[in-house]
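Commentary on secondary and tertiary structure
Below are the chains, spelled out letter by letter.
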Amino acid sequence: MPAGEAFSDRQRSDLARAVRIAENDTGLTFSVYVGTLGDDTRARALELHAQLGASASAATLIAVDPGGRQLEIVTGHEAKRWLDDYACGLGAISMTTQFTAGDLSGGIINGLRTLSEHARHPRTLHNDEPA
Amino acid sequence: MRKAIRIAAVTASVPLVAVLSSPVLAATRDDGDNPGPGLTVPETLLYFVVIPAAIIALVWLAVLGTSWARAPRYRPGLSWWADPVWINGPETDADGSTPSLAAAAAPADLALADSTGGGARARW
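Residues numbered from 1 in each chain as written. Chains lettered and ligands numbered in written order. Predicted model: local features only at pLDDT ≥ 70, side-chain atom pairs only at ≥ 80, totals over all residues. Heavy atoms only, no water.

Time to look at the overall build of chain B. Helices and strands together make up the secondary structure of chain B, namely three helices and two strands. Each helix and strand of chain B, placed in order from N terminus to C terminus, yields the pattern α-α-β-α-β. Residues counted as buried form 14% of the 124 residues belonging to chain B. With the model as given, the accessible surface of chain B reaches about 9700 Å², and the carbon-plus-sulfur share is 68%. (Helix = DSSP H or I, 4+ residues; strand = E, 2+ residues; numbered from the N terminus. Buried < 20%, exposed > 50% of the residue type's maximum accessible area, 1.4 Å probe, protein only. Areas by Shrake-Rupley, 256 points an atom, 1.4 Å probe, with all protein chains shown as cover.)

Set out below in structure tokens:
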């Protein structure tokens, strides 16, 4: 396979829009990584999540390894309050269902939608600090 | 359903018999027919091989050409070819492109801090 872009411009803008909507709906930070995760996918995903820096605590990272057919969702300490592991599992199912059919960007967008629906919560202005 | 099959079989049988028997009809000369000169070998090849092949190739190109022109798309089970993409990642460059994804050595204490978080994993 030749090297190239994972997504078309259209898909990229759709993904960016889905991330923005999810962030507006929940007040949390969402980040999507698509690339190789290596052998220890969980460790690599945690590493990437830590690279988000100051916003990592309120951030949810969706890491997709299309070659290895692995999906990792990592929630930070703050994000976990609104997005528990059960909701992450539901999001993972909705994503992998579409990945199986070869639709990467559509699966990620649907997963973001599922996650943000579960993470939606009333804003507490003195406490929420979305990035 | 059964009736439809029966009707189709009867309807198809008449032209089928006519087509199969047409070489026999051609073998006997009738009054008033005018066969004209036969085709040479190159002409036969042109009419019955080259032109049909060209038409088939044209249709084939019309169907498959569009997918050749497009970028390769992800298919489950095949290896992954593209560079890593990080949407809404750290320090996105000014031009909006993916930040450099240098293999970052995450400090151990950061990984430890994340152990209070959660998440999920899945395979497909």
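So, on to the side chain of Ser105(A). Residue and element names in this part refer to chain A. One can find Ser 105 in helix α5 (residues 104-119). Overall, the relative accessible area of 8% leaves Ser 105 in the buried class. At 3.3 Å, the side chain of Ser 105 and the side chain of Gln 11 are in polar contact. The residues contacting Ser 105, other than those within four sequence positions of it, are Phe 7, Gln 11 and Leu 15. (Polar contact = N/O pair within 3.5 Å; in protein donor to acceptor, adjacent residues only side chain to side chain. Contact = heavy atoms within 4.5 Å.)

Take the sheet that holds strand β3 (residues 70-75) of chain A next. Overall, mixed pairing links the five strands, which are arranged β1(B)-β1(A)-β2(A)-β3(A)-β2(B) in an open sheet. In this open sheet, the two strands that pair with only one neighbour each are β1 (85-87) and β2 (118-123) of chain B. Geometrically, the sheet is characterised by an average inter-axis angle of 10° between neighbouring strands, direction not taken into account. Bridging between strand β1 (residues 29-34) of chain A and strand β2 (residues 59-65) of chain A involves six bridges; their strand directions are parallel. By the bridge assignment, Phe30(A) is partnered in β2(A) with Thr60(A). Sheet strands in contact with helix α1 (residues 9-26) of chain A are β1 of chain A together with β1 of chain B, and its direction is about 155° off that of β1(A). (Pairing = 2+ DSSP bridges. Axes fitted to C-alpha atoms, helices over the stretch in contact; angles between N-to-C directions.)

As a further point, take the nonpolar core. In this structure, Val64(A), Leu71(A), Ile108(A) and Leu112(A) are the most contacted members of the largest nonpolar core, which totals 37 residues. Counting residues per element, the ones that place at least two in this core are α1, β1, β2, β3, α4 (85-100) and α5 of chain A together with β1 and β2 of chain B. Grouped together as the second largest cluster of nonpolar side chains are eleven residues, Leu37(A), Ala45(A), Leu61(A) and Val74(A) included. (Core = buried A, V, L, I, M, F, W, Y, C linked by side-chain atoms within 4.5 Å.)

Residue and element names in this part refer to chain A. Interaxial distance between α1 and α5 falls to 9 Å at its minimum, and their mutual angle equals 5°. The pairing of α1 with α5 is recorded here as roughly parallel in orientation. On the side of α1, the interface is formed by Gln 11, Asp 14, Leu 15, Ala 18, Val 19, Ala 22, Asp 25 and Thr 26, while α5 contributes Ser 105, Ile 108, Ile 109, Leu 112, Ser 116 and Ala 119. (Parallel < 35°, antiparallel > 145°, perpendicular 65-115°, else oblique.)

At the interface, 34 residues of chain B touch 53 residues of chain A. For the pair chain B and chain A, the summed buried area comes to about 4000 Å², and 57% of that belongs to carbon and sulfur atoms. If you look at where chain B meets chain A, you find one salt bridge. Between Glu72(A) and Arg121(B) there is a salt bridge, with its nearest N and O atoms 3.0 Å apart. For the side of chain B that touches chain A, the elements supplying multiple residues, two or more each, are β1 and β2 of chain B. When residues of the side of chain B that touches chain A are assigned to their parent elements, the largest contribution, six residues, is made by β2(B). Classifying every residue of the side of chain B that touches chain A by side-chain character gives 19 nonpolar, ten polar and five charged. Bridge count for β3(A) against β2(B) is six bridges, and the pairing is antiparallel. Within β2(B), the position partnered with Leu71(A) by the bridge is Ala122(B). (Buried area = accessible area lost by both parts, 1.4 Å probe. Salt bridge = Lys/Arg side-chain N within 4 Å of Asp/Glu carboxyl O. Nonpolar A, V, L, I, M, F, W, Y, C, P; charged D, E, K, R; others polar.)

Limitation: the analysis is restricted to geometry and does not speak to function.
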